[in-house]
Amino acid sequence: MAAVRSFWGWGYQKDELKISEIKALATLLGDFVKPETPIKTPPKKDSLNLQEPKIKLPTSLLKLADASNQQRARHCYGRSFKDVVRGLNNEFIDPPDFVLYPKTVKDVIDILDYSSHKDIAVICYGGGSSVVGGVEFDHEMKQNYAGWISMDMTCMDKLNYLDKDSRSASFQAGILGPSLEEKLKPNNFTLRHFPQSFEFSSLGGWIATRAGGHFAMGPTHIDDFVESLEVVTPVGTTVTRRLPASGAASDENRLWLGSEGMLGIVTSAWIRVQPRTRFVAKADVAFDSFKEGISCLKDIAQSGLYPSNCRLLDPLEALINGVYAGNKAILLVGFESYDHDVSSSFKRAKEICNSHGGVVVSESDIDNEISRKSDSKQTAGGSWKNSFIKAPYFRDALVRLGLVVETFETAVTWDNFNELYFNISNEINRYLSEKSNGTQWVTCRITHAYPNGLAPYFSVIASCKNNSQTAVWNDIKQIANETIIKFNGTITHHHAVGKEHRDGYKKEKSELYLDYLKNTKKYFDPKSILNPGNVIRLL
Ligand SMILES: Cc1cc2nc3c(=O)[nH]c(=O)nc-3n(C[C@H](O)[C@H](O)[C@H](O)COP(=O)(O)OP(=O)(O)OC[C@H]3O[C@@H](n4cnc5c(N)ncnc54)[C@H](O)[C@@H]3O)c2cc1C
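None of these values were measured; they are calculated from a predicted model. (Residues numbered from 1 in each chain as written. Predicted model: local features only at pLDDT ≥ 70, side-chain atom pairs only at ≥ 80, totals over all residues. Heavy atoms only, no water.)

**Details of the overall build of the protein**
Item 1. Each helix and strand counted, the protein has 16 helices and 19 strands in total.
Item 2. Taken over the C-alpha trace, the protein has a radius of gyration of 23 Å; the compact-globule value for 539 residues is 24 Å, and the two agree within 12%.
Item 3. Across its three principal axes, the protein shows a C-alpha extent of roughly 65 × 60 × 50 Å.
Item 4. Both charge centroids of the protein, one from 64 positive and one from 63 negative side chains, sit 3 Å from each other. (Helix = DSSP H or I, 4+ residues; strand = E, 2+ residues; numbered from the N terminus. Rg over C-alpha atoms; globule rule 2.2 N^0.38 Å. Lys, Arg positive; Asp, Glu negative; His and termini not counted. Charge placed at Lys NZ, Arg CZ, Asp CG, Glu CD.)

Shown next as structure tokens:
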């Protein structure tokens, strides 16, 4: 039997932490969780009490529909902390009237035609892993629509073509990460784009949100891999030409990348693929302080070495993720290639680390060809990867224990980093000290590094007073958004804008550019049915 997706939390129901595991986690967390704290129970599917659909569908669309409460609840929200809290509390406000599963481009066109005609909003749903309200209906726009449809793309999951010569593959856009990689594997190819949400996010979602993979340098953003796109809009369909590069005026792919479901629906994409990795060399390097790690990271980012991984964890982040328990900042540095031995670049990167006082605490063999699976010598990077993938299930368990858990991220140029980092850490810690009686962790890791800047990623775990989980989360979000913009960061490096980051996005862009974007939206979506209020509000 196929595994069932959770309608309130992350992933598959079968993989949720068991009560005994949550209790063990609570014990590990010590002061964070009082012994008498009850573990919240998720709602049962029979207890879902959703308002009845307000709209009717023609028979031609009904055959694509699922109006079960379970599916409507699952598609009501994405998977941010706030979404999980609301799901856990059985608060499914304004759920979609229907969930529709198109199988062909014609189905997508029919859904948009009908919805335009009947003033129904359509929110495209890939894997539903948005953490910024991207797949949720903007409740303040309710009066403008007869109802809303969640258009789930996951039945559009085929490999259309593989062009081995050009190393490109065309997929339907609803395909989820694991299935995409499975389909490339028999020909020894990979897309090598691994966001943490890989298992439950889709190619179309990655493109629409300009997702970032976990490799820290070199090609890692989905932008780097898109060759050509097919996009359906309420006024027509467009297909961009397959080209390795082009200097022909503005780039149409760039229009759709990051359009977050508000301009058109990405129905398929040609992506650049590459042979699977054969050579790997990696090490975990300890630094006495995060500051020293940062200055080393900068030198590596500016060295022209471009390691595939170069991720810096502050001491608490290293401890929590089971990477290193010795109160040191840890740099996970690694090189990969499908073509050649990487030992000389690896050697040079370690020299740079040494020059900053870094000490290698573990490293894997560098002389052999190492396939991912047979990489038996586990570095801390390996432990970190495991905890990285399982983290969302743990996050949901912490929510059930009544804690506040948030992650937010940005990118900033090197010259502005210190000010941004200290102000964010101070502001969030100061706020939490008032709310959480000192039981709080605010940690930072650097997920991506560039010659001209870096992407810090903050994680927060805090206790809070009864029933104030969402209020505290809202405050943290607001403080983080305001501080990021004030100190010259971007409102998001890879989590997208959606509805949660809309105000920050507005502050980051000029009036002139926002007008251009609004007019572009009016052109492709004249009745504003596509994900209303996402990124920008028109009405
Ligand atoms: C635990 C966790 C970890 C995460 N880790 C990462 C990470 O490492 N890197 C990262 O970049 N992000 C990460 N995210 C955020 C999220 O996974 C990404 O934004 C991802 O790209 C969304 O893909 P999706 O298919 O789930 O899209 P959805 O959540 O379904 O949709 C996101 C947005 O894209 C639009 N959309 C979806 N499909 C299409 C389409 N075919 N055409 C047009 N618009 C579409 C939707 O309308 C919505 O606005 C994480 C989220 C979670 C919950």
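**Brief notes about the domain arrangement of the protein**
Item 1. Partitioning the protein into structural domains gives domain 1 (13–152) and domain 2 (280–308 + 315–368).
Item 2. Using C-alpha coordinates to define each centre, domain 1 is positioned 40 Å away from domain 2. (Domains from an automatic or database assignment.)

**So, the confidence of the model for the protein**
Item 1. Averaged over all residues, the pLDDT of the protein is 94; the fraction at 70 or higher stands at 95%.
Item 2. Per-residue pLDDT stays below 50 along residues 367–377; that stretch engages in 19 contacts with residues further than four places along the chain or on separate chains. (pLDDT = per-residue confidence, 0-100. Contact = heavy atoms within 4.5 Å.)

**Remarks on the side chain of Asp-396**
Item 1. Here Asp-396 lies in helix α12 (residues 380–400).
Item 2. Those residues in contact with Asp-396 that lie beyond four places of it in its chain are Trp-8, Gly-9, Trp-10 and Val-84.

**What about the pattern of salt bridges?**
Item 1. Tallied over the entire structure, the rule returns 27 salt bridges.
Item 2. The closest approach of N and O atoms between Asp-396 and Arg-395, which form a salt bridge, is 2.9 Å. An identical accessibility class is assigned to Asp-396 and Arg-395; each is buried.
Item 3. When salt bridges with common partners are traced through the structure, they connect Asp-138, Glu-140, Arg-502 and Arg-537 into a single cluster. (Salt bridge = Lys/Arg side-chain N within 4 Å of Asp/Glu carboxyl O. Buried < 20%, exposed > 50% of the residue type's maximum accessible area, 1.4 Å probe, protein only.)

**Side note on the site of the ligand**
Item 1. In the vicinity of the ligand there are 35 residues, among which Cys-124, Gly-126, Ser-129, Ser-197 and Ser-202 approach most closely.
Item 2. One of the backbone nitrogen or oxygen atoms of Gln-196 is found 2.8 Å away from an oxygen atom of the ligand.
Item 3. Protein contacts shield 97% of the accessible area of the ligand, which totals 960 Å² for the unbound molecule.
Item 4. If you tally residues by element for the shell around the ligand, the top one is helix α7 (residues 203–209), at 5 residues.
Item 5. Within the shell around the ligand, the residues separate by chemical class into 13 nonpolar, 20 polar and 2 charged. (Near = heavy atom within 4 Å. Polar contact = N/O pair within 3.5 Å; in protein donor to acceptor, adjacent residues only side chain to side chain. Areas by Shrake-Rupley, 256 points an atom, 1.4 Å probe, with all protein chains shown as cover. Nonpolar A, V, L, I, M, F, W, Y, C, P; charged D, E, K, R; others polar.)

**Quick word on the sheet that holds strand β2 (residues 98–100)**
Item 1. Strand order in the open sheet made by the 4 strands is β1-β2-β4-β3, with mixed pairing throughout. Edge positions in the sheet fall to β1 (65–66) and β3 (120–125), since each of these pairs with one other strand and no more.
Item 2. Bridging between β2 and strand β4 (residues 147–152) involves 3 bridges; their strand directions are parallel. In the strand pairing of β4, Leu-100 is matched with Met-151. (Pairing = 2+ DSSP bridges.)

**A look at the pairing of strand β18 (residues 440–450)**
Item 1. With respect to burial, β18 is a largely interior element, 9 of its 11 residues being buried.
Item 2. Pairing of β18 with strand β19 (residues 453–462) involves 10 bridges; the strand directions are antiparallel. The residue of β19 that forms the bridge with His-448 is Ala-455.
Item 3. The turn linking β18 back onto β19 is made up of 2 residues.

**As for helix α4 (residues 81–88)**
Item 1. With respect to burial, α4 is a largely interior element, 8 of its 8 residues being buried.
Item 2. Listing the buried residues of α4 in full gives Phe-81, Lys-82, Asp-83, Val-84, Val-85, Arg-86, Gly-87 and Leu-88.
Item 3. Asn-90 sits one or two positions beyond α4 and adopts a positive phi of about 60°.

**Concerning the nonpolar core**
Item 1. Membership of the largest hydrophobic core comes to 80 residues, with the highest contact counts inside it found for Phe-290, Leu-331, Phe-408, Ile-428, Leu-432, Ile-446 and Ile-476.
Item 2. In terms of residue count, the dominant contributor to this core is helix α13 (residues 414–435) (8 residues).
Item 3. A domain-level breakdown of this core finds at least three residues from each of domain 1 (13–152) and domain 2 (280–308 + 315–368).
Item 4. Leave out the neighbours within four places in its chain, and Phe-290 touches Leu-312, Leu-313, Asp-314, Ala-329, Phe-417, Tyr-421, Cys-444 and Ile-446. (Core = buried A, V, L, I, M, F, W, Y, C linked by side-chain atoms within 4.5 Å.)

**Re the side chain of Ser-463**
Item 1. Topologically, Ser-463 is positioned in the loop between β19 and α14 (469–486).
Item 2. You can call Ser-463 buried: its relative accessible area is 12%.
Item 3. There is a polar contact of 2.3 Å between the side chain of Ser-463 and the side chain of Thr-439.
Item 4. In this structure, Ser-463 is in contact with Phe-32, Leu-403, Lys-435, Ser-436 and Thr-439, ignoring residues within four places of it in sequence.

**Things to note about the sheet that holds strand β10 (residues 265–272)**
Whenever strands of a sheet pair, they do so through backbone hydrogen bonds, lying parallel or antiparallel.
Item 1. Strands sit in the order β5-β6-β10-β8-β9 across an open sheet of 5 strands; the sheet is antiparallel. With one partner strand each, in any of the chains shown, β5 (159–163) and β9 (236–239) form the two edges of the open sheet. Ignoring strand direction, the axes of neighbouring strands in this sheet form an average angle of 10°.
Item 2. Strand direction decides the pairing type here: β5 and strand β6 (residues 168–172), joined by 4 bridges, are antiparallel. The residue of β6 that forms the bridge with Leu-162 is Ala-169.
Item 3. Sheet strands touched by helix α5 (residues 105–118): β8 (226–233), β9 and β10. Its angle to β8, the strand with the most contacts, is close to 40°. (Axes fitted to C-alpha atoms, helices over the stretch in contact; angles between N-to-C directions.)

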